[in-house]
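So the chains spell out like this:
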Amino acid sequence: MSSCESEIVVGLASLQIINPESIELRDILDAIVKIYRQLKNDYEDIFLHDYRLLSRLRDIISIYHRGLWTQTERVDFSDERSRWVYMYRYMLRHVHLVFYACQLTANDGIERVFPGNRAPSVCMIGGGPGTDVLGLSMFLLKRKNRLSPCPIFAEIDVLDKCTAWGDSWESLHRHLPEKYRRGIPQVRYHAFDYLDNRLPETCHEIVRRADIVTIIKSMSPVAAWLNRKERVLIDGNALPYEESHGSAPILEWHSVYDIMLHMRDGAYLFYIDNTTGPQREILMSAARVLKFEIIFERVLYGVSLPTDVFSPDAREVMVAMSGYEPCSCTGTNEVIILYKALTE
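> What am I meant to see in the overall build of the protein chain here?
Within the protein chain, the secondary structure is distributed over 12 helices and 10 strands. Per-residue burial over the protein chain gives 53% buried out of 344 residues. Across the protein chain, the fraction of contacts at a sequence separation of at least 24, relative to all contacts at a separation of at least 6, is 82%. Accessible surface for the protein chain amounts to roughly 15,800 Å². Of this, 50% is attributable to carbon and sulfur atoms.

As C-alpha cells, this is what we get:
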C-alpha cells in the first residue's frame, strides 16, 4: 500500500458519522457555550467568574438531587448566571426528551396535536429558557423536512415565575442555527406562579387561544405545595385533596386545575414529568373533574443523549466546570397527552 493510500485509509477510519439529531443538539449546546463566553467577557477576573458559576452549579445540583417534589425551597433564577448554570446542566437533556417523546407518540397521538401544515399556537407552563420550544421545533422541522421558510408556530407564550428567562431565551436564540431563528416567532413571557391557586386574569386569554398547552418538567419542583391544596367548593366546604368533590361545583383548587379549566374545548395538553412524586395524580385528578380524554400515556425509562453532542468548545467549558457535564440521562418520566373534549 502506498503512503498516499495509507493516508486515505487513516482519514476514513477517523471520520465520525454524526446523525442529524446529534448535530441539532450539538448546535443548541454550542449556543449555550457562546452565552458562557459572553458572561465571561463581562468579568475582569475570569477565575472568579468560573468559581462563582461552579458554586451555583453545585448548589443547583444539590437541590435537584435531593428530589424536587420533596423540597420546600425553590431555585432563584432571577440572576443570569444561575439561569446559565441551569441551561448548561439540564436544558439539553430536556430538549432531547421532548423531541424523543414527540417521535415516540407520532403514530399514536402527536399527529392529532399537530394536524396538517397549520402552525399551532402554543402556551408553555413553566417553560423557562425555551426547552419546550426547542424540543417541539426539532420535531416539527424534522416532520416537515424543510428549513423553515415560515414560522413553525403561530404564537408562543411562556408562563413562568421568572420572566427574566425571556432575556436568556433571547441570548440563546441569537446563537441558534438560522432555521430556528427564522422558524421560531417571538416568544412572549408572562408572570405566573404555580403556588397561586388561580391563573392570573391576564393569562386567561393566552391559555384560551392555545391549541396546545405544555406542562413539561415544571410541576415536579412545586408538587409538594400543589399536593396540599384543598378544593374549595361553591357551597363553602373544603375537601382534602384525595376526597371526591361530589356534585358541588369547585370554586377554587390549585393552579393546574385553573389552567386546564381555561383551556378551550378541542385543545391538547402535553405533559412530561418524573414518575416519582404526586404530580401525575395532581394532573389526572383535575383531568377527571374537567373530563379530559387521555389519547396517549407511556412511561419512558432512561432516555439518554447521543454520545456525540459535545463539540470541542463544549468540552472546554466542561473543563472550566471541573468536569461537571450537561446531564445526559433523564431518568424515568411519564408522557401523557390529554384532549379537552368538545362541549355538546
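> Would you take a moment to explain helix α3 (residues 46-65) for this structure?
An α-helix turns once every 3.6 residues. As a result, residues three or four positions apart point the same way. Between its first and last C-alpha, α3 extends 28 Å over 20 residues, near the 28 Å set by a 1.5 Å rise per residue. Listed in full, the buried residues belonging to α3 are His49, Asp50, Leu53, Leu54, Leu57, Ile60, Ile61, Ile63 and Tyr64.

> Help me out: how do you make sense of unusual backbone geometry in this one?
It is generally the case that most residues other than glycine have a negative phi and that most peptide bonds are trans. Of note, the phi angle at Lys217 is positive, near 60 degrees, even though the residue is not glycine. Within the fold, Lys217 resides in the loop between β4 (212-216) and α9 (223-226). For Lys291, which is not glycine, the phi dihedral falls at a positive 60 degrees. Within the secondary structure, Lys291 is located in the loop between α11 (279-290) and β9 (292-301).

> Honestly, the nonpolar core in this entry has me stumped. Any pointers?
A general trend in soluble globular proteins is that nonpolar side chains are found buried together. Core analysis: the largest hydrophobic core is formed by 77 residues, its most contacted members being Trp84, Leu134, Leu136, Trp169, Leu172, Ile184 and Phe270. A total of 16 residues in this core trace back to one element, the largest contributor, which is helix α4 (residues 80-113). Ignoring anything within four residues of it in the chain, the contact list for Trp169 reads Pro129, Gly130, Val133, Leu134, Leu176, Ile184, Val187 and Tyr189.

> Could you clarify how one ought to interpret the sheet that holds β9 in this entry?
Whether parallel or antiparallel, the strands of a sheet pair through hydrogen bonds between backbone atoms. Taken together, the seven strands give an open sheet; going across it, the order is β3-β2-β1-β4-β8-β10-β9, and neighbouring strands pair in mixed fashion. Looking along the sheet, the strands with just one partner apiece sit at the ends: β3 (187-191) and β9. Taking the axes of each pair of neighbouring strands and ignoring which way they run, one obtains an average angle of 15 degrees across the sheet. Direction of pairing for strand β2 (residues 155-160) relative to β3: parallel, over a ladder of five bridges. Bridging across to β3, Leu159 finds its partner in His190. α11 rests against β8 (268-274), β9 and β10 (332-340) of the sheet, and its axis sits at about 15 degrees to β10.

Thresholds, definitions, all that
Residues numbered from 1 in each chain as written. Predicted model: local features only at pLDDT ≥ 70, side-chain atom pairs only at ≥ 80, totals over all residues. Heavy atoms only, no water. Helix = DSSP H or I, 4+ residues; strand = E, 2+ residues; numbered from the N terminus. Buried < 20%, exposed > 50% of the residue type's maximum accessible area, 1.4 Å probe, protein only. Contact = heavy atoms within 4.5 Å. Areas by Shrake-Rupley, 256 points an atom, 1.4 Å probe, with all protein chains shown as cover. Expected span 1.5 Å × (residues − 1). Core = buried A, V, L, I, M, F, W, Y, C linked by side-chain atoms within 4.5 Å. Pairing = 2+ DSSP bridges. Axes fitted to C-alpha atoms, helices over the stretch in contact; angles between N-to-C directions.

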